[in-house]
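Chains, contacts and geometry: an overview
For reference, the chains in residue letters:
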Amino acid sequence: MNEILADIERWRSAGQRIAVARIVDIEGSGPRDPGAAMAVNNLGEVAGSVSGGCVEGAVVLEALELLEGQRDAGITSFGFSDDEAFSVGLTCGGTIHLFIEELNW
Amino acid sequence: MSSIYESYRDALQAEEPVVLATVIEGKNVGSKLLVFGNENIEGSLGSSELDRVVSRDALGMLEAGTSEVRHYGVDGEARQDDLSVFIETHSRSPQMIIFGAVDFTRALAAQSKLLGFRVTVCDAREVFVTRRRFPMADELVVDWPDRLLERIGGDLGQRDAVCVLTHDAKFDVPALLSSLATSVGYLGAMGSRLTHEKRVDRLRSEGVTEEQLSRIMSPLGLDIGGRTPEETAVSIVAEIIAIRTGRAAPRLSETTGHIH
């Protein structure tokens, strides 16, 4: 969270709405530990990361849905994806569980 | 009055120990409890009993430096699963204490900063302990190792490291004796195998037990063939990581199993 505070503060002072996604649990192999966080503002700008680039695109979509009221705060999980399926997931074989919420607390 | 986020932000920026607990499943998803290192709290997860139990767990996890999901009943009952709470800890930075202001110290201090350590360089010889030589160190101390550890040794824990780089018995022995009296997680001493044999003899004659001797990593570092101070620093921090994670440190390409 520390490394994305500067961006969050800039967005807050510009009056933007912000969603934060944090890794809360990992099964098997995963590149970042619980607590790793990324933030997305209502313009789609991004700070931080929660994997090695495997799931960030999908997290941005979830975050924007949250800010647009199309989903509630809650847990979103990404598991293994193989190359043929073209689905979003971690190529390293693990599963990460993210908690996504608006920064309104 | 500041929001929970603002208090959390301020604690992170001031590098004060803090824990953020968030309900992620169950009743009141998103509710927050902020627990400070001094046991003060802000916010609530919905029940004062739950807050009390989570605060206690949070402080324990802060000590260990772990972040994870825990499950509770609505009033904090153990072995129930009404609520999932993500407990995110922010401990103070781990400490690297380097005894001996030698050439290797500069490289080890820089490498330790990369890994997020708070670095202290200590040597009794004032001419060597200068800001010009160690601009990256958080603290420079001109004193004897045992006197520094008398002051700060009680704060050292499993995540911290002490490296004795002086390889001169009259500095090393008191530094190692007082380091062994702390709970520091990594204790390394530089020197050839011959230097270490002599050092071990002196430590034994000071009453150090075999069990205590096994805590001292010497020669320190992994066997990667490093020669320069920079290469040696990589081998030392690699050993510190391997000891923390309990890994044997072979090549990943020659092993199987999970890499994280």
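In this text, all values refer to a predicted model and were calculated from it rather than measured experimentally.

Side note on the overall build of chain A
- Summing up its helical and strand segments, chain A has 2 helices and 5 strands in all.
- Each helix and strand of chain A, placed in order from N terminus to C terminus, yields the pattern α-β-β-β-α-β-β.
- Here chain A holds 105 residues, and 50% of them are scored as buried.
- Partitioning the contacts of chain A with sequence separation of at least 6, the portion at a separation of at least 24 is 51%.
- A total of about 4,700 Å² of accessible surface is found on chain A, and carbon and sulfur atoms cover 46% of it.

Some remarks on the nonpolar core
Residue and element names in this part refer to chain B.
- Counting residues in each nonpolar core, the largest one holds 22 residues, and the members touching the most others are M96, L108, V119 and C163.
- Looking at this core, the elements that each hand over two or more residues are β6 (95-99), α3 (103-114), β7 (118-123), β9 (161-164) and α8 (229-245).
- No other element matches the 4 residues that α8 contributes to this core.
- For M96, the residues in contact, after removing those within four places along its chain, are L108, S112, F117, R118, V119, T120, A161, C163 and I240.

Concerning the domain arrangement of chain B
- Entries for chain B in the domain assignment read domain 1 (4-90) and domain 2 (95-245).
- Placing the centre of domain 1 of chain B and that of domain 2 of chain B at their C-alpha centroids yields a distance of 35 Å.

A word on the interface of chain B and chain A
- At the junction of the two partners, chain B supplies 25 residues and chain A supplies 22 residues.
- When chain B packs against chain A, close to 1,900 Å² is buried across both sides, 65% of that on carbon and sulfur atoms.
- For the interface between chain B and chain A, the tally reads 4 salt bridges.
- K32(B) is the partner of E101(A) in a salt bridge, and the nearest nitrogen-oxygen pair spans 2.6 Å.
- Connecting chain B to chain A are 7 residue pairs in polar contact (both at pLDDT 80 or more).
- Of all the secondary-structure elements, those providing two or more residues to the side of chain B that touches chain A are α1 (4-13), β1 (18-25), β4 (68-72) and β5 (83-90) of chain B.
- Classifying every residue of the side of chain B that touches chain A by side-chain character gives 11 nonpolar, 8 polar and 6 charged.

A few points about the sheet that holds strand β1 (residues 18-27) of chain A
Residues and elements named next belong to chain A.
- Pairing is antiparallel across the open sheet formed by 5 strands, whose spatial order is β3-β2-β1-β5-β4. Either end of the sheet is taken by a strand with one partner, and the two such strands are β3 (46-48) and β4 (74-78). With strand direction ignored, the average angle separating the axes of adjacent strands in the sheet is 25 degrees.
- Direction of pairing for β4 relative to strand β5 (residues 95-102): antiparallel, over a ladder of 5 bridges. Bridge pairing links T76 to L98 in β5.
- Packed onto the sheet, helix α1 (residues 5-13) meets β1, β2 (37-41) and β3 and runs at close to 20 degrees relative to β2.
- Those strands touched by helix α2 (residues 56-67) are β1, β2, β3, β4 and β5, and its axis lies near 50 degrees from that of β2.

Observations regarding the pattern of salt bridges
- Applying the stated rule across the entire model yields 27 salt bridges over all chains.
- Linking R32(A) and E3(A) is a salt bridge whose minimum nitrogen-to-oxygen distance equals 3.8 Å. A residue pair is termed long-range when its members are at least 10 positions apart, and R32(A) in the loop between β1 and β2 and E3(A) in the segment before α1 qualify at 29 residues.
- According to the relative accessible area criterion, E3(A) is partly exposed, its value standing at 49%.
- Salt-bridge contacts for R204(B) lead to E210(B); the nearest nitrogen and oxygen are separated by 2.7 Å.
- Overlapping salt bridges, with partners in common, bring together E9(A), R12(A), E6(B), R9(B) and D10(B) in one network.

Thoughts on the state of the cysteines
Residue and element names in this part refer to chain B.
- Under the defined criterion, the tally for this structure stands at 0 disulfides over all chains.
- Free cysteine: C122, not disulfide-bonded; nearest cysteine sulfur from C163 at 13 Å.
- By relative accessible area, which is 1% here, C122 ends up buried.

As for unusual backbone geometry
Residues and elements named next belong to chain B.
- A cis amide bond, omega -5 degrees, links S218 with the succeeding residue P219.
- If you trace the backbone, P219 turns up in the loop between β11 (216-217) and α8.
- With a phi angle near 60 degrees, N28 is a residue other than glycine that sits in the positive phi range.
- The backbone of A249 sits at a positive phi, close to 65 degrees, despite the residue not being glycine.

Re the sheet that holds strand β2 (residues 32-36) of chain B
Residue and element names in this part refer to chain B.
- Strands sit in the order β3-β2-β1-β5-β4 across an open sheet of 5 strands; the sheet is antiparallel. The sheet is open, and its two edges are formed by β3 (41-43) and β4, each paired on a single side. Sheet twist, expressed as the average angle between the axes of neighbouring strands with direction ignored, equals 25 degrees.
- Two elements, β1 and β5, share 7 bridges in a ladder whose sense is antiparallel. Bridge assignment links V23 to a residue of β5, and that residue is V85.
- Set on the sheet, α1 makes contact with β1, β2, β3 and β5; between it and β2 the angle comes to about 30 degrees.
- Where helix α2 (residues 48-64) meets the sheet, its contacts fall on β1, β2, β3, β4 and β5, and the angle it forms with β5 comes to roughly 40 degrees.

The rules behind these values
- Residues numbered from 1 in each chain as written.
- Chains lettered and ligands numbered in written order.
- Predicted model: local features only at pLDDT ≥ 70, side-chain atom pairs only at ≥ 80, totals over all residues.
- Heavy atoms only, no water.
- Helix = DSSP H or I, 4+ residues; strand = E, 2+ residues; numbered from the N terminus.
- Buried < 20%, exposed > 50% of the residue type's maximum accessible area, 1.4 Å probe, protein only.
- Contact = heavy atoms within 4.5 Å.
- Areas by Shrake-Rupley, 256 points an atom, 1.4 Å probe, with all protein chains shown as cover.
- Core = buried A, V, L, I, M, F, W, Y, C linked by side-chain atoms within 4.5 Å.
- Domains from an automatic or database assignment.
- Buried area = accessible area lost by both parts, 1.4 Å probe.
- Salt bridge = Lys/Arg side-chain N within 4 Å of Asp/Glu carboxyl O.
- Polar contact = N/O pair within 3.5 Å; in protein donor to acceptor, adjacent residues only side chain to side chain.
- Nonpolar A, V, L, I, M, F, W, Y, C, P; charged D, E, K, R; others polar.
- Pairing = 2+ DSSP bridges.
- Axes fitted to C-alpha atoms, helices over the stretch in contact; angles between N-to-C directions.
- Disulfide = S-S within 2.5 Å.

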